[in-house]
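Below, each chain spelled out in residue letters.
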Amino acid sequence: MLTLRKASDRGAANHGWLKSFHTFSFANYRNPREQGFSDLLVINDDRVAAGKGFGQHPHRDMEIFSYVLEGALEHKDTLGTGSVIRPGDVQLMSAGSGVAHSEYNHSSTRPVHFLQIWIVPDVSGAKPRYQQEHFSTQKKRGRLQLIISPDGAKGSLKVRQDARVYAGLIDGKESATLELAADRYAYVHVARGSVELNGLQLQEGDGVRVRKEQVLTLSNGVDAEVLVFDLRPQELPEMP
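Residues numbered from 1 in each chain as written. Predicted model: local features only at pLDDT ≥ 70, side-chain atom pairs only at ≥ 80, totals over all residues. Heavy atoms only, no water.

Which parts of the structure should I look at to understand the packing of aromatic side chains?
The relation between two aromatic rings is expressed through the spacing of the ring centres and the mutual angle of the planes. All chains considered together, the criterion is met by six aromatic pairs. Ring centres 5.3 Å apart and planes at 75° place the aromatic pair W17 and F54 in the edge-to-face group. Here W17, found in the loop between β2 (11-14) and β3 (18-22), pairs with F54, found in strand β5 (residues 53-59); they are 37 residues apart in sequence, far enough to count as distant. Here W17 falls in the partly exposed class, since its relative accessible area comes to 28%. For the pair F26 and W118, a centre-to-centre distance of 5.5 Å together with 80° between the ring planes defines the contact as edge-to-face. Here F26, found in the loop between β3 and β4 (40-48), pairs with W118, found in strand β11 (residues 112-119); they are 92 residues apart in sequence, far enough to count as distant. Connected via pairs of aromatic rings, a cluster forms that spans F24, F37, Y185 and Y187. Taking NZ or CZ as reference, R211 lies 5.7 Å from the ring centre of Y185, over its face. (Phe/Tyr/Trp six-rings, centres within 6.5 Å; stacked < 30°, edge-to-face > 60°. Helix = DSSP H or I, 4+ residues; strand = E, 2+ residues; numbered from the N terminus. Buried < 20%, exposed > 50% of the residue type's maximum accessible area, 1.4 Å probe, protein only. Lys NZ or Arg CZ within 6 Å of the ring centre and 35° of its normal.)

What am I meant to see in the pattern of salt bridges here?
Pairing between side chains of opposite charge can happen when their charged atoms approach one another. In total, this model carries 15 salt bridges according to the counting rule given. A salt bridge links E204 to R47, with the nearest nitrogen and oxygen atoms 3.6 Å apart. A residue pair is termed long-range when its members are at least 10 positions apart, and E204 in the loop between β18 (200-202) and β19 (207-210) and R47 in strand β4 qualify at 157 residues. A relative accessible area of 29% places R47 in the partly exposed class. Residues R141 and E174 are paired through a salt bridge, measuring 3.0 Å at the closest nitrogen-oxygen approach. Of this pair, R141 sits in the loop between α1 (137-140) and β13 (144-149) while E174 is found in the loop between β15 (164-170) and β16 (175-179), placing the two residues 33 residues apart along the sequence. Classification of R141 as partly exposed rests on a relative accessible area of 36%. Given a relative accessible area of 24%, E174 falls into the partly exposed group. (Salt bridge = Lys/Arg side-chain N within 4 Å of Asp/Glu carboxyl O.)

Looking at this structure, I do not really get the sheet that holds strand β6 (residues 63-70). What am I missing?
The pairing of strands in a sheet comes from backbone hydrogen bonds and takes either a parallel or an antiparallel form. The strand order across the open sheet formed by seven strands is β2-β3-β4-β11-β6-β9-β12, and the pairing between neighbours is antiparallel. The open sheet is flanked by β2 and β12 (129-134), the only strands paired with a single partner. Looking at each pair of strands side by side, their axes are set apart by 15° on average, direction ignored. Note that β4 and β11 share eight bridges and pair antiparallel. Residue V42 lies in a different strand from β11, and its bridge partner there is W118. (Pairing = 2+ DSSP bridges. Axes fitted to C-alpha atoms, helices over the stretch in contact; angles between N-to-C directions.)

Structure below.
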C-alpha cells in the first residue's frame, strides 16, 4: 500500500534567510496526522541564503543526517568536528548524551539547498559521534546506493537504529528496485526531479508511506534524486 504525501501539503516556513518545507511536524508546524513514520521523525527541505545559517544549538538522543543537493554546508560541533558538506556527501551526527553544533552556508555568494533528516535512535545516552562519507554520482546512477545502515555495510554510515537509507539517481530509461522483507515499512522521498514509484507518479518534494509492499521500483525519472528509508513496521500515534 502506497500513501502519497504531496509536496504542496507540507508545512512551510520563510524566515528570509531560510526557506524550509517540513514533511512532518517541526517547530511551528504542527499536524496531528504527520508526526513522522516509524523511526523517521523529521525531513526538512532547507534553503539557506549566502553567508547565513543556524547558530550553535544543542541536540540529544537523535540520529541527524544532512544530505546536500546544491551548494556547500559548513558544520562545526562541540565534538571538535569541522567540515564542509557538498553534493554527494552524507553527514551523520549521533547526538547521544548531548552535543551542540552550528550549520552555515559555506558560500558568501550562493545559496545552499539540503535535507536535514532525523531518525529516533534505539538507545539513549550513548556517546556522541560524527561520521561523514562521500557517495559518488556513479554509485547512485540508475541504482539505490546504501548510505546509512545499522552495521555500516557497503561503506555506509552507522546509525543507532534498525533503519537503512538508500540514495538513487534515476533519469530516462534507468530504473532501480529494492526488495523489502515481508514485515518492513518504507518511506520514499523525492529530493528533486520527478519519478514513478511502482507506477505512481511523484514530483519533487513528494513523499510516500509504504506498507505491505515487498518490491519497490523507481522508473521513468526526469533528473530524479530519491531517498528510500527501510524502516521497522511501527506506527507513531497521532497527536491531539
